[in-house]
There are 2 protein chains.
Amino acid sequence: MRKPTLHDVAAEAGVSYATADRVLNKRGGVAKKSQTRVEAAIAKLGYQRDITAANLSRRRLYRFHVLLPNAAGGFFASLRQLLSEQEEAQRKARQAITITPVPPFDPTALALEIDRAVGAGCDGLCVVAVNHPEVSAALGRARAQSIPVVTLVADSAEGDRDCYVGIDNRTAGRTAADLILLSHRRHAQRGLILPVMGSLQARDHAERYAGFCEVVADQMAVLPPLETGDDPTRLNQLLTAALAAEPGITGLYNLGAGVPGLIAALDHRGSDNIAGRPVVVSHELCNATRKAVADGLIDAVIDQKPAQELSQALAALIALSDGLALDPTAGQITPAVHFKHNMPPQPAAGPNKGA
Amino acid sequence: MRKPTLHDVAAEAGVSYATADRVLNKRGGVAKKSQTRVEAAIAKLGYQRDITAANLSRRRLYRFHVLLPNAAGGFFASLRQLLSEQEEAQRKARQAITITPVPPFDPTALALEIDRAVGAGCDGLCVVAVNHPEVSAALGRARAQSIPVVTLVADSAEGDRDCYVGIDNRTAGRTAADLILLSHRRHAQRGLILPVMGSLQARDHAERYAGFCEVVADQMAVLPPLETGDDPTRLNQLLTAALAAEPGITGLYNLGAGVPGLIAALDHRGSDNIAGRPVVVSHELCNATRKAVADGLIDAVIDQKPAQELSQALAALIALSDGLALDPTAGQITPAVHFKHNMPPQPAAGPNKGA
DNA sequence: CATTAAATGATATACGTCTATCATTATCAC
DNA sequence: GTGATAATGATAGACGTATATCATTTAATG
């Protein structure tokens, strides 16, 4: 027995195809009686609209807007790069993706771009959230027009979006804590840990920090975190000073950006005996962290796998605009943990061949 | 400008739709001249067949056969469970998946089931490979009929399959090594490590072992591996004896199955001071390893994320049967590393609601 | 009962591809 | 040139849905 079609539903309900269609697509102008009969038939037959046929008929193009912070270099730059590489492939799947760079941490600018995307016609939004009433309001306006919203990397309030795709930052902080505990595993002396972060205001940093402290606090001493604003220069200065002031530091958790500053401060100390240097755990696999791991300056890197995040975000948008229920694991990303000897190969950075 | 259709291609090539179709679908009976003109037109217009329309027209059903070892409990049991849960969702996507249990490590039985699946009509095979000429031959027969073959979890020779979906076992072994190195990081004394494995004959075990040794060998002493045949009882016996014989062991790498035996042997030693106990790294997140980590008997678990493997394997089969080029990262799975404080929630084991 | 509005049915076209049939034209050997 | 074969063109129906039009039936109102 093949999949039931809308014709089958109409027959089962004893109405015409047109009426069944009116119910299915909520076109209105149907008597309540017919409405219920059609719905009953749909339930009875287990009818599922054939989305491919529907899309074919509609000449559907999924128009997705992705708003990414335009921070130069680093994590978001590689995200933008990845996305533009995927663009061609997505086009084949009837997806037209518009990438809009947005000033980072600027709620007004982000809200403006959200409204603009909605105005320009859009079937789905993918946004790196900034927690702010203006942004919430703009996302609310989008969702009021039933435009699906997916937050990427940084989440917003649950009511603001349909799905969050990214790592659980609290768990990531706990992972870092476990790594540092492991490094002190066979060590009698109590550890002294220094967290290094961009800002306690940034929700993702705050969550990582909280998760980290939850686990580490009762087994080790944790110094007050350095807040660097993700600025390498400032990070270098603060960290150099802190290391000088506290020679007993046995571990560092760098949970934000500004890795070059971290490296400068660590490198400066010279490469005396490895066992004596603090254990260093950092986030995000990039050129800087790769090199630092290879050089033995960073012990472990927690990576959120931007490529996978992107494809899951787009998949979620498609599912949402098809009106499918998201399975609960849709947005979950398990971060990868990398060390000196299990580094994945550097992805080829070459642009697409051909015109 | 919208996507070009096959009609556009025909017009561009100056032939009829029928001829363009004959070329596109290799029906034969076309003059070489027309053939090249059509191909040139396809290239010029960048024509891409609309797969959704094609599938609609063909009433296509992807009939995939998944052959999984029928080992009771443990890793493959959870794989089978996952797969049957996904079945309903896949059906919506025009996929009919047949799960066939196969005796583990039995090349003849596996080859037989492969041939049977091919005979029964099949558009794609997903197999946990066993390296053996009989299996290679059966896979070769399948591929001779241009049935795509994906190996899952355990790879076969490169020529036998189109794609391998799973972790890189050598890299996983290196990850385990890095974890153990990290645990000895702040430790002056040279470590003494005992590897515990199912069999050196199993390719995945051998690869993990090799990767592990590559990294660890020059910094620590590695004892000859225990070969347990993945049997918990035997593992318990061998390990208990080994721990008694070598009280100086500082680390264990359990790279196969039989975790309950591992736990019995470790538990038996009593929970004296944690710092004194060997560091334990194991594979596969399951009830046994979860509990052992919670109890502090296992320090880290490397998991290959069976759910993700399955969905990637099916995605690869679809891409292959659509004749698309696989992107090179299609089969790559980055294993997750879990510790006591970053355990993911136990997935709900409930069956699908409704009939 | 007549009048108007609401609900429904019947039907046609389109989306882009696949498949099949049949008529037409080109090509070859002899 | 004749006949046979190969290549091509023209066309129609199907897949399941979306969308629109128009005619018809049903219900509501006075």
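Peer 1: Go over the overall build of chain A with me, naming the residues and quoting the values.
Peer 2: Of regular secondary structure, chain A possesses 13 helices and twelve strands. Oriented by its inertia axes, the alpha-carbon framework of chain A measures out at about 85 × 45 × 40 Å. Counting only residues that meet the buried cut, chain A has 49% of its 355 residues in that class. Counted over contacts in chain A with a minimum sequence separation of 6, partners at least 24 positions apart contribute 69%. Once the 37 positive and 36 negative side-chain charges of chain A are each reduced to a mean point, those two points are 9 Å apart.

Peer 1: Break down unusual backbone geometry for me, with residues and values.
Peer 2: Backbone geometry places glutamate 284 of chain A, a non-glycine residue, at a positive phi of 70°. Within the secondary structure, glutamate 284 of chain A is located in the loop between β10 (279–283) and α12 (287–294). On the basis of relative accessibility, which here comes to 14%, the residue glutamate 284 of chain A falls in the buried class. Phi is positive for lysine 26 of chain B, close to 50°, though the residue is something other than glycine. Inspection of the secondary structure assignment puts lysine 26 of chain B in the loop between α2 (17–24) and α3 (32–45).

Peer 1: Explain the sheet that holds strand β2 (residues 95–102) of chain A to me, and be specific about the residues and the numbers.
Peer 2: Residues and elements named next belong to chain A. The sheet built from five strands is open, its strands ordered β2-β1-β3-β4-β5 with parallel pairing. With partners counted over all chains shown, the strands left at the sheet margins are β2 and β5 (163–165), one partner each. Neighbour to neighbour, the strand axes of the sheet diverge by 20° on average, direction disregarded. The sheet contact formed by strand β1 (residues 62–69) and β2 spans eight bridges and is parallel. Bridged to leucine 68 within β2 is proline 101.

Peer 1: Any chance you could break down the confidence of the model for chain A for me, citing the residues and the numbers?
Peer 2: Scored by pLDDT, chain A comes out at a mean of 89, with 92% of its residues at no less than 70. Confidence over residues 350–355 of chain A falls short of pLDDT 50; this stretch has three contacts with residues more than four positions distant or in other chains.

Peer 1: Break down the relation of the copies chain A and chain B for me, with residues and values.
Peer 2: When chain A is fitted to chain B, the best match, at an RMSD of 0.1 Å, comes from turning it 180° and sliding it 0.1 Å along the axis. Such a combination of turn and shift is consistent with a two-fold rotation axis. Considering only C-alpha atoms, the part of chain A nearest the rotation axis is serine 183 of chain A, at 2.2 Å. Here 100% of the contact residues of chain A are again contact residues in chain B; the copies associate through an equivalent surface.

Peer 1: Please provide a residue-by-residue account of the protein's contact with DNA strand C, values included.
Peer 2: Around DNA strand C, a shell composed of 28 residues is seen, among which Ser16, Thr19, Ala31 and Ser34 of chain A together with Tyr47 of chain B lie nearest. Near the protein, meaning within 4 Å, the atoms of DNA strand C are sugar or phosphate in a fraction of 69%, with bases accounting for the rest. At 2.7 Å, a backbone N or O of serine 16 of chain A approaches a phosphate oxygen of DNA strand C. At 3.3 Å, a backbone N or O of aspartate 50 of chain B approaches a phosphate oxygen of DNA strand C. The leading source of residues in the surface near DNA strand C is helix α4 (residues 51–58) of chain B, at four residues. Of the residues belonging to the surface near DNA strand C, the class tally is eleven nonpolar, ten polar and seven charged.

Peer 1: Give me the environment of serine 57 of chain A: which residues, what numbers.
Peer 2: Residues and elements named next belong to chain A. Assignment of secondary structure puts serine 57 in helix α4 (residues 51–58). Among the residues examined, serine 57 registers a relative accessible area of 59% and is labelled exposed. Between the C-alpha atoms of serine 57 and glycine 256, which are 199 residues apart in sequence, the distance is 47 Å.

Peer 1: Which residues make up the sheet that holds strand β2 (residues 95–102) of chain B, and what are the values?
Peer 2: Residue and element names in this part refer to chain B. An order of β2-β1-β3-β4-β5-β12 is seen for the six strands of this open sheet, with the pairing classed as parallel. Edge positions in the open sheet fall to β2 and β12 (332–333), since each of these has one partner strand only. Both strand β5 (residues 163–167) and β12 contribute to a ladder of two bridges, which runs parallel. Paired with glycine 166 across the bridge in β12 is glutamine 332. Helix-sheet contacts for helix α13 (residues 306–321) involve β1 (62–69), β2, β3 (124–127), β4 (149–152), β5 and β12, and the interaxial angle to β4 is about 170°.

Peer 1: Can you tell me about the protein's contact with DNA strand D, naming the residues and giving the values?
Peer 2: Taken together, 28 residues surround DNA strand D, and among them Tyr47, Arg49 and Ser57 of chain A together with Ala31 and Ser34 of chain B come closest. Interatomic distance of 3.5 Å between a side-chain N/O atom of arginine 58 of chain A and a phosphate oxygen of DNA strand D. By residue number, the principal contributor to the surface near DNA strand D is α4 of chain A, which donates four residues.

Peer 1: Could you give an account of the packing of helix α2 (residues 17–24) of chain A against helix α3 (residues 32–45) of chain A, naming the residues involved and the relevant values?
Peer 2: All names here are of chain A. Where α2 contacts α3, the two axes come as close as 10 Å, and the packing angle between them is 85°. As judged from the angle between their axes, α2 and α3 are roughly perpendicular. Between α2 and α3, the contacting residues are Thr19, Ala20, Val23 and Leu24 on the first element and Ser34, Gln35, Val38, Glu39 and Ile42 on the second. Here the contact of α2 with α3 is built from residues that sort into five nonpolar, three polar and one charged.

Peer 1: Mind laying out the pattern of salt bridges, listing which residues take part and the relevant values?
Peer 2: Residue and element names in this part refer to chain A. All chains considered together, the criterion is met by 26 salt bridges over all chains. Across the salt bridge formed by arginine 143 and aspartate 162, the nearest N and O atoms sit 2.8 Å from each other. Of this pair, arginine 143 sits in helix α7 (residues 133–144) while aspartate 162 sits in the loop between β4 (149–152) and β5, and the two are 19 residues apart along the sequence. As a salt-bridge pair, glutamate 214 and arginine 174 come within 2.4 Å of each other at their nearest N and O atoms. One end of the pair, glutamate 214, is in helix α9 (residues 203–216); the other, arginine 174, is in helix α8 (residues 169–183), with 40 residues separating them in the sequence. For glutamate 214, a relative accessible area of 40% translates into the label partly exposed. Three or more residues are tied together by salt bridges with common partners; here these are Arg170, Arg174 and Glu214.

Peer 1: I'd love a proper account of the interface of chain A and chain B, names of residues and values included.
Peer 2: Taken together, the contact between chain A and chain B spans 39 residues of the former and 39 residues of the latter. Carbon and sulfur atoms make up 54% of the surface buried where chain A meets chain B, a total of about 3,700 Å² over both sides. Together, Arg185, Arg186 and His341 of chain A form the three largest contributors to the area buried by chain A at its contact with chain B, with a combined 23%. At the boundary of chain A and chain B, one finds two salt bridges. Among the ionic pairs, aspartate 299 of chain B bridges to arginine 185 of chain A, the shortest N-O distance being 2.7 Å. Listed by contribution, the elements that provide at least two residues to the side of chain A that touches chain B are α4, α8 and β12 (336–338) of chain A. Looking at the side of chain A that touches chain B, the element that brings in the most residues is α8 of chain A, giving eight residues. Its residues placed into classes, the side of chain A that touches chain B shows 13 nonpolar, 14 polar and twelve charged.

Peer 1: Break down the side chain of threonine 19 of chain A for me, citing the residues and quoting the values.
Peer 2: All names here are of chain A. For threonine 19, the position within the fold is in helix α2. Judged by relative accessible area, which is 15%, threonine 19 ranks as buried. Apart from the residues lying within four places of it in its own chain, the contact partners of threonine 19 are Val30 and Ser34.

Peer 1: Quick one: what's the story with the packing of aromatic side chains, residue by residue and with numbers?
Peer 2: The full count for this structure, using the stated rule, is six aromatic pairs over all chains. Judged by centre distance (5.7 Å) and plane angle (35°), the rings of tyrosine 62 of chain A and phenylalanine 64 of chain A are tilted. When its relative accessible area of 0% is taken as the criterion, phenylalanine 64 of chain A is described as buried. When the centroid spacing of 4.6 Å and the interplanar angle of 35° are considered together, the rings of phenylalanine 212 of chain B and tyrosine 253 of chain B count as tilted. Highlighted residues: phenylalanine 212 of chain B in helix α9 (residues 203–216) and tyrosine 253 of chain B in strand β9 (residues 251–254), separated in sequence by 41 residues. Residue phenylalanine 212 of chain B shares its accessibility class with tyrosine 253 of chain B, and that shared class is buried.

Parameters and conventions
Residues numbered from 1 in each chain as written. Chains lettered and ligands numbered in written order. Predicted model: local features only at pLDDT ≥ 70, side-chain atom pairs only at ≥ 80, totals over all residues. Heavy atoms only, no water. Helix = DSSP H or I, 4+ residues; strand = E, 2+ residues; numbered from the N terminus. Buried < 20%, exposed > 50% of the residue type's maximum accessible area, 1.4 Å probe, protein only. Contact = heavy atoms within 4.5 Å. Lys, Arg positive; Asp, Glu negative; His and termini not counted. Charge placed at Lys NZ, Arg CZ, Asp CG, Glu CD. Pairing = 2+ DSSP bridges. Axes fitted to C-alpha atoms, helices over the stretch in contact; angles between N-to-C directions. pLDDT = per-residue confidence, 0-100. Least-squares fit on C-alpha atoms with pLDDT ≥ 70 in both. Near = heavy atom within 4 Å. Polar contact = N/O pair within 3.5 Å; in protein donor to acceptor, adjacent residues only side chain to side chain. Nonpolar A, V, L, I, M, F, W, Y, C, P; charged D, E, K, R; others polar. Parallel < 35°, antiparallel > 145°, perpendicular 65-115°, else oblique. Salt bridge = Lys/Arg side-chain N within 4 Å of Asp/Glu carboxyl O. Buried area = accessible area lost by both parts, 1.4 Å probe. Phe/Tyr/Trp six-rings, centres within 6.5 Å; stacked < 30°, edge-to-face > 60°.

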